[in-house]
Amino acid sequence: MTSVTTSRARGHALSFPRDALTHVELTHIEKRVENWIRFGHEAQEQILDRRRRIFSFRPGSVFAFVRWAANDFGTIVSRIDILRAVVPGEPCQTVPFVRPGAEILLRVAGWPKVEQVLRHIDGVEEAGIDACTVAPDHWRHVGNRLNAGEQLRPYTMARHRAWLRRQEIRP
């Protein structure tokens, strides 16, 4: 049985089903608000109208959620979160536009840092690695290094293979 919770966002009532999925509201209003998924394998998509949709992710899925907003004077918000969808009842952090919440692997604000993360994701994908399968600790490393103003370590195929092997022997 599915029940529905209602969220108030910008004066609109939105329905989010109560289920095992993590739901992310995406909005696109040209030159004002742009929320999008940079990477992630959505389980389903619900189109609300021309400007809004909801992507839903299965528990354990990793995805990158980018938020950008501007007003008449320029950019007011620029951030990227790399999140892991949680199992119902699992502790999680609240993130705007994400229901019920998620585990935050990386949280970066400010366009220069967001741009660095986007370039880093491009590098991971150019190496032939699906960004969704990158070791969660690597995303934490990226966020911590950026926030400390330090150089990022590249995520190589050798690191990725080591992560996958650790997953195989994990109970």
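A brief report on the enclosed structure follows. (Residues numbered from 1 in each chain as written. Predicted model: local features only at pLDDT ≥ 70, side-chain atom pairs only at ≥ 80, totals over all residues. Heavy atoms only, no water.)

### Thoughts on the nonpolar core
Counting 25 residues, the largest nonpolar core has Phe-39, Ile-80, Ile-82, Leu-106, Val-117, Ile-121 and Trp-139 as its most contacted members. Sorting the residues of this core by element identifies β7 (62-71), β8 (74-85), β10 (98-109), α1 (111-126) and α2 (136-148) as the ones contributing at least two each. Sort the elements by how many residues they give to this core and α1 lands first, with five residues. When sequence neighbours within four positions are dropped, the list of residues in contact with Leu-106 reads Ile-80, Asp-81, Ile-82, Val-117, Trp-139, Val-142 and Gly-143. By size, the runner-up hydrophobic cluster in this structure holds 12 residues, among which are Ile-37, Phe-65, Leu-83 and Val-95. (Core = buried A, V, L, I, M, F, W, Y, C linked by side-chain atoms within 4.5 Å. Buried < 20%, exposed > 50% of the residue type's maximum accessible area, 1.4 Å probe, protein only. Helix = DSSP H or I, 4+ residues; strand = E, 2+ residues; numbered from the N terminus. Contact = heavy atoms within 4.5 Å.)

### Description of the environment of Trp-36
With respect to the secondary-structure elements, Trp-36 resides in strand β4 (residues 33-39). Through-space distance from the C-alpha of Trp-36 to that of Phe-65 is 5.9 Å; in sequence the pair is 29 residues apart. With residues up to four places along the chain from it excluded, the contact list for Trp-36 reads Leu-26, Ala-64, Phe-65, Val-66 and Trp-68.

### Focus on the packing of α1 against α2
One way to put it is that α1 packs onto α2 with a least axis distance of 11 Å and a crossing angle of 145°. Crossing geometry of α1 relative to α2 is assigned as right-handed. Between α1, through Lys-113, Gln-116, Val-117, His-120 and Ile-121, and α2, the contact on the second element is made entirely by His-138, Trp-139, Val-142, Leu-146 and Asn-147. Considered class by class, the residues forming the contact of α1 with α2 number five nonpolar, four polar and one charged. (Axes fitted to C-alpha atoms, helices over the stretch in contact; angles between N-to-C directions. Left-handed = near helix turned anticlockwise from the far one by under 90°. Nonpolar A, V, L, I, M, F, W, Y, C, P; charged D, E, K, R; others polar.)

### Re α1
Over its 16 residues, α1 runs 22 Å from end to end, which matches the ideal 22 Å to within 8%, given 1.5 Å per residue. Residues Val-114, Val-117, Leu-118, His-120, Ile-121 and Val-124 constitute the buried set of α1. Taken down its axis, α1 places every buried residue within 155° of arc, on the same side. Exposed side of α1, more than 90 degrees from the buried face: Pro-112 and Glu-126 are the residues found there. Considering only its buried residues, α1 is in contact with β4, β7, β8, β10 and α2. (Expected span 1.5 Å × (residues − 1). Arc of directions from axis to C-beta.)

### Some points on the pairing of β4
Inspection of the sheet shows strand β3 (residues 22-29) paired to β4 by two bridges, in the antiparallel sense. The partner of Ile-29 across the bridge, within β4, is Val-33. Hairpin remark: β3 followed by β4, antiparallel, with three residues in the connecting loop; positive phi at Lys-31, about 65°. (Pairing = 2+ DSSP bridges.)

### Thoughts on the pattern of salt bridges
Scanning the model with the defined rule gives 12 salt bridges in all. The closest approach of N and O atoms between Arg-38 and Asp-122, which form a salt bridge, is 2.6 Å. Placement of the pair is Arg-38 in strand β4 and Asp-122 in helix α1, with a sequence separation of 84 residues. Two residues, Arg-53 and Glu-45, come together in a salt bridge whose shortest N-O distance is 2.3 Å. The class of Arg-53 is partly exposed, set by a relative accessible area of 31%. (Salt bridge = Lys/Arg side-chain N within 4 Å of Asp/Glu carboxyl O.)

Taken by themselves, the reported measurements are silent on function.
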